[in-house]
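What follows is each chain in one-letter form.
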Amino acid sequence: MTRSALSCPLQARRCGGCPLLGTPYPDQLAQKQRRAEELFAAFGPVEPILGQAEPLYYRNKAIATFAPGPGGLVCGTYAAGTHRVLPLPEAGCLLQDQVLNRTLTAVLEAARACRWPAFDEDRGAGLLRHVLVRRAVHTGQVMAVLVTAADRLPGSRNFVTALRKAAPWVTTVVHNCNPRRTSAVLGRDVRVLYGPGHITDTLCGLRFSLSSTSFYQVNPAQTEALYRTALDFAGLTGRETVLDAYCGTGTIGLCAAAAGARQVIGVELTPSAVRDAAANAARNGIKNARFFCADATEWIVQAAKEGFRPDVVFLDPPRAGTTPEFIDAVTAMGPRRLVYVSCGPDTLARDLGLLRRRGWQARRLRPVDLFPHTEHLEMAVLLTRGDAASR
């Protein structure tokens, strides 16, 4: 564990990506623990935060933006609050997997060799917008996704050859076209230039296939710590029907299915994520999980009316939290346990207040540090109603 302050060349240039880097890691954990205790004191005691043993180079995904520089094409991160690109330092980012840092350098050199220009947002001209790289830490597979403003990529074969020569660990290369004027990195058009177009990783003993658009937590070690906490809270015995709301690619639900749930129902709004969830279930030989493409609130309201009665509900909404209608419906279903996983502590506190007014009580609250050196805080909360905790 890092006990001294760290520094990065980009800090002085207002990168903003890791505002706590200058604070020793144990002090960061203490700050986050205090914040959790202040936010959730009204709901019960907060357990000690789960920190990371090695809190550097943990990100398995990185995105860099292309821009013209004094010496030619550069790529890097935006300065905080601006669209000014700060070229990545030679040593790379301290939070990104070191293989990804080297991959970004190789992508830049290959793009320079192709003499491709950066996209100019103001003029709407140019070609290269972003590069996204992902690494599956357990398999070592690496994906590089080149995002352009045009659908044509002249010289793409030369680019792949140059990239593979400089970075032979890259197992697949994807071209993504995003012609829209938007802050979103990826567009809808995807073309595989090399390899299978996906990488495969292992999480909690299960294999997951990751495409260029798949959602997947960026800190694998701490994600396993978070999921182990959530599964411990669920108290599965092999007899439970589990609802995984806002299930994404099905990671939590599939871990529950493998851990002993009798059946798992997952609900997710994004069609590609639902397809990934079903494929991941098949890949792992899991036959007791089904996934539905629907708005979580609309689905659960209808399911409650139809008498669906899960034993355990996992709730992992986006940062905006869930809705009062969802809370009413899940209360009507009467599950024995509700496990709320949150990436937004403020909205979690709001939702815990709504749940308490419906008779739910927070039995355990556990912060998990998924993003060391940032101000982000993840929480796992176990809730029951009445004497359900003893059943």
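### A short note on the nonpolar core
Here comes step 1: In this structure, Leu236, Leu254, Phe291, Phe314 and Val339 are the most contacted members of the largest nonpolar core, which totals 53 residues.
Here comes step 2: The element best represented in this core is helix α4 (residues 220-234), accounting for 6 residues.
Here comes step 3: Not counting residues within four places of it along the chain, the set of residues in contact with valine 339 comprises Ala230, Phe233, Ala234, Val313, Phe314, Leu315, Val381 and Leu382.
Here comes step 4: Formed by 39 residues, the second largest nonpolar core is a distinct cluster that contains Leu29, Ala245, Val313 and Met379.

### Thoughts on the sheet that holds strand β7 (residues 189-194)
Here comes step 1: Strand order in the open sheet made by the 7 strands is β3-β2-β1-β4-β5-β6-β7, with mixed pairing throughout. Looking at which strands have only one partner, the edges of the open sheet turn out to be β3 (85-87) and β7. Between one strand axis and the next, the sheet turns through 35° on average, direction left out of account.
Here comes step 2: Looking at chain direction, strand β5 (residues 142-148) and strand β6 (residues 170-177) are connected through 7 bridges and run parallel. Paired with valine 142 across the two strands is valine 170, which belongs to β6.
Here comes step 3: Seen against the sheet, helix α2 (residues 98-113) touches β1 (61-69), β2 (72-78), β4 (128-135), β5 and β6 and runs at an angle of roughly 145° to β4.

### Observations regarding the layout of surface pockets
Here comes step 1: Considered as a void within the structure, the second largest pocket measures approximately 320 Å³ in volume.
Here comes step 2: Around the second largest pocket sit 19 residues that line it, and Ala67, Pro68, Phe119, Asp120 and Glu121 are the ones nearest its centre.
Here comes step 3: When residues of the lining of the second largest pocket are traced back to their parent elements, those giving at least two are β1 and β4.
Here comes step 4: Tallying contributions element by element places β1 first for the lining of the second largest pocket, with 4 residues.
Here comes step 5: Per-class residue counts for the lining of the second largest pocket are 9 nonpolar, 4 polar and 6 charged.

### Quick word on the environment of arginine 134
Here comes step 1: The residue arginine 134 is located in strand β4 in this model.
Here comes step 2: Sequence separation between arginine 134 and lysine 61 is 73 residues; the distance between their C-alpha atoms is 4.3 Å.
Here comes step 3: Among all residues touching arginine 134, those that are not within four sequence positions of it are Asn60, Lys61, Leu100, Gln141, Val142, Met143, Ile199, Ser211, Ser212, Ser214, Phe215 and Tyr216.
Here comes step 4: A distance of 3.1 Å separates a polar atom in the side chain of arginine 134 from the backbone oxygen of serine 211.
Here comes step 5: One polar contact links the side chain of arginine 134 to the main-chain carbonyl oxygen of serine 214, over a distance of 2.8 Å.

### Some details on the confidence of the model for the chain
Here comes step 1: Scored by pLDDT, the chain has a mean of 92; 96% of the residues are at 70 or more.
Here comes step 2: Element-level mean pLDDT values for the chain span from 89 in β3 up to 98 in strand β15 (residues 360-368).

### Let's talk about the packing of helix α1 (residues 25-40) against helix α9 (residues 345-357)
Here comes step 1: Where α1 contacts α9, the two axes come as close as 10 Å, and the packing angle between them is 25°. What the angle tells us is that α1 and α9 run roughly parallel. Considering only the axes of α1 and α9, their crossing is right-handed. For the pair α1 and α9, the contacting residues are Arg35, Leu39 and Phe40 in the first and Pro345, Asp346, Leu348, Ala349 and Leu352 in the second.
Here comes step 2: Counted by class, the contact of α1 with α9 contains 6 nonpolar, no polar and 2 charged residues.

Procedures and definitions
- Residues numbered from 1 in each chain as written.
- Predicted model: local features only at pLDDT ≥ 70, side-chain atom pairs only at ≥ 80, totals over all residues.
- Heavy atoms only, no water.
- Core = buried A, V, L, I, M, F, W, Y, C linked by side-chain atoms within 4.5 Å.
- Buried < 20%, exposed > 50% of the residue type's maximum accessible area, 1.4 Å probe, protein only.
- Helix = DSSP H or I, 4+ residues; strand = E, 2+ residues; numbered from the N terminus.
- Contact = heavy atoms within 4.5 Å.
- Pairing = 2+ DSSP bridges.
- Axes fitted to C-alpha atoms, helices over the stretch in contact; angles between N-to-C directions.
- 1 Å grid on protein atoms, 1.4 Å probe; cavity = no way out; pocket = protein on both sides within 12 Å on 5 of 7 lines; lining within 4 Å.
- Points joined across faces, edges and corners; volume = space filled by probe spheres on them.
- Nonpolar A, V, L, I, M, F, W, Y, C, P; charged D, E, K, R; others polar.
- Polar contact = N/O pair within 3.5 Å; in protein donor to acceptor, adjacent residues only side chain to side chain.
- pLDDT = per-residue confidence, 0-100.
- Parallel < 35°, antiparallel > 145°, perpendicular 65-115°, else oblique.
- Left-handed = near helix turned anticlockwise from the far one by under 90°.

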